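Reading the structure
Residue strings, one per chain:
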Amino acid sequence: MAPYGGESCETVRLASANLEQTSETLPVYQMEIASVSEMKEEIARVMSLSFDEATRINSGTQYWMYQIGDADIMLDEELGFWTYQLPQEIALPEQLPTDEEAIAIADAFLAEAQLYHGTLRPGIVSNTTTGITGTEEVLNKDIYYYPEFDGMDVYGVFRIVIGIGDHGQIISVSKQVQDVTEAARVPLAAPEALQARLDAGNCVSSPQNPVAEAEVKSGHLAYYSDITPSHGKLYLHPIYDLTAAGTNELGETETFSVWVSAAADA
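The notes below deal with the structure included here. Small disclaimer: the values here were computed from a predicted structure and weren't measured.

1. A short note on the overall build of the protein
Across its full length, the protein carries 3 helices and 19 strands. With respect to the principal axes defined by its C-alpha atoms, the protein has extents near 60 × 50 × 35 Å. When contacts within the protein are restricted to residue pairs at least 6 apart in sequence, those whose partners lie at least 24 apart make up 65%. Averaging the locations of the 12 positively and 41 negatively charged side chains of the protein gives two centres separated by 6 Å.

If you want it as structure tokens, here you go:
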């Protein structure tokens, strides 16, 4: 996991934090990477369109871009993910469905489309807007669906997003997920191994400001979806999602998250 934002984890201490550990081993999951032809077939099925009418608008890249009617379609050949997008237009408030209605529309679409056969958490609504301060207008409502495994969250790029526009029309679909199978089971790391990883900066942390010294308050198991293919597959690895707190450079107590691999042989 490449670090993002904030400082490294070198000053994070596990101390006496109670880390959730439901078993001594956890699965590593694998995803097959869909081919371009498989993605085309799926999009044609769920969006009721034909690639016979498609115009490819780029070449020589891992991203295959097509236009079919008003729709723009992007296929990520390396990861097997795809996006369908109709033009975004400012919606009149009275023409947009409520959050509850938008979720119901997206739920019904997913039930019929069968884009993913695992467990998805309930949809979360986020408005796409023009982003103009003071005159911000809503373009559509995006419904985010995140998978889970045995009640554990999945972080990284692993989700489905359905965009709902005027009168409840589905104007976008982003599929960044595939069905998974168990690849192996791995033993979980001892606290000493986790601390060594933190000391080496082999983690992901997200403080808003540099923190000189932080202590882990709690931690629970989750999964991280890697987007670096290996032998034609993507993998989901067990991690600890740690909550740490410390004093930042402003003299304030700051609480932030730290992700560190949970596997003993990571």
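More follows now that the structure is in view.
2. Side note on the pattern of salt bridges
Counted according to the given criterion, the structure contains 8 salt bridges. Between K175 and E42 there is a salt bridge, with its nearest N and O atoms 3.0 Å apart. Taken as a pair, K175 in strand β14 (residues 170-176) and E42 in helix α1 (residues 36-47) lie far apart in primary sequence, 133 residues in all. Looking at E42, the relative accessible area reads 15%, which means it is buried. Across the pair R121 and D153 runs a salt bridge, and its minimum N-O distance is 2.8 Å. Of this pair, R121 sits in the loop between β8 (119-120) and β9 (124-129) while D153 sits in strand β12 (residues 152-156), and the two are 32 residues apart along the sequence. Among the ionic contacts, a cluster of salt bridges with common partners joins E42, R45 and K175.

3. Some thoughts on the side chain of S174
Take S174: it is sitting in strand β14. In this structure, S174 is in contact with W82, T83, R159, I160 and V161, ignoring residues within four places of it in sequence.

4. Let's talk about the sheet that holds strand β6 (residues 71-76)
Spatial ordering of the open sheet is given by β4-β5-β6-β7-β14-β13-β10-β9, a layout of 8 strands whose pairing is antiparallel. Every other strand in the sheet has two partners, leaving β4 (55-56) and β9 as the edge strands with one partner each. Docked against the sheet, helix α2 (residues 99-113) engages β9, β10 (138-145), β13 (159-164) and β14, running at close to 55° with respect to β10.

5. Some remarks on unusual backbone geometry
Located in the positive-phi region is S48, a residue other than glycine, with phi close to 55°. Residue placement: S48 occurs in the loop between α1 and β4. Despite not being glycine, D150 shows a phi value in the positive range, around 50°. Following the sequence through the fold, D150 ends up in the loop between β11 (147-149) and β12.

6. Thoughts on the environment of A214
Among the secondary structure elements, A214 is positioned in strand β17 (residues 211-225). When its relative accessible area of 3% is taken as the criterion, A214 is described as buried. Sequence separation of A214 and Y235 is 21 residues, and the distance between their C-alpha atoms is 30 Å.

The rules behind these values
- Residues numbered from 1 in each chain as written.
- Predicted model: local features only at pLDDT ≥ 70, side-chain atom pairs only at ≥ 80, totals over all residues.
- Heavy atoms only, no water.
- Helix = DSSP H or I, 4+ residues; strand = E, 2+ residues; numbered from the N terminus.
- Contact = heavy atoms within 4.5 Å.
- Lys, Arg positive; Asp, Glu negative; His and termini not counted.
- Charge placed at Lys NZ, Arg CZ, Asp CG, Glu CD.
- Salt bridge = Lys/Arg side-chain N within 4 Å of Asp/Glu carboxyl O.
- Buried < 20%, exposed > 50% of the residue type's maximum accessible area, 1.4 Å probe, protein only.
- Pairing = 2+ DSSP bridges.
- Axes fitted to C-alpha atoms, helices over the stretch in contact; angles between N-to-C directions.

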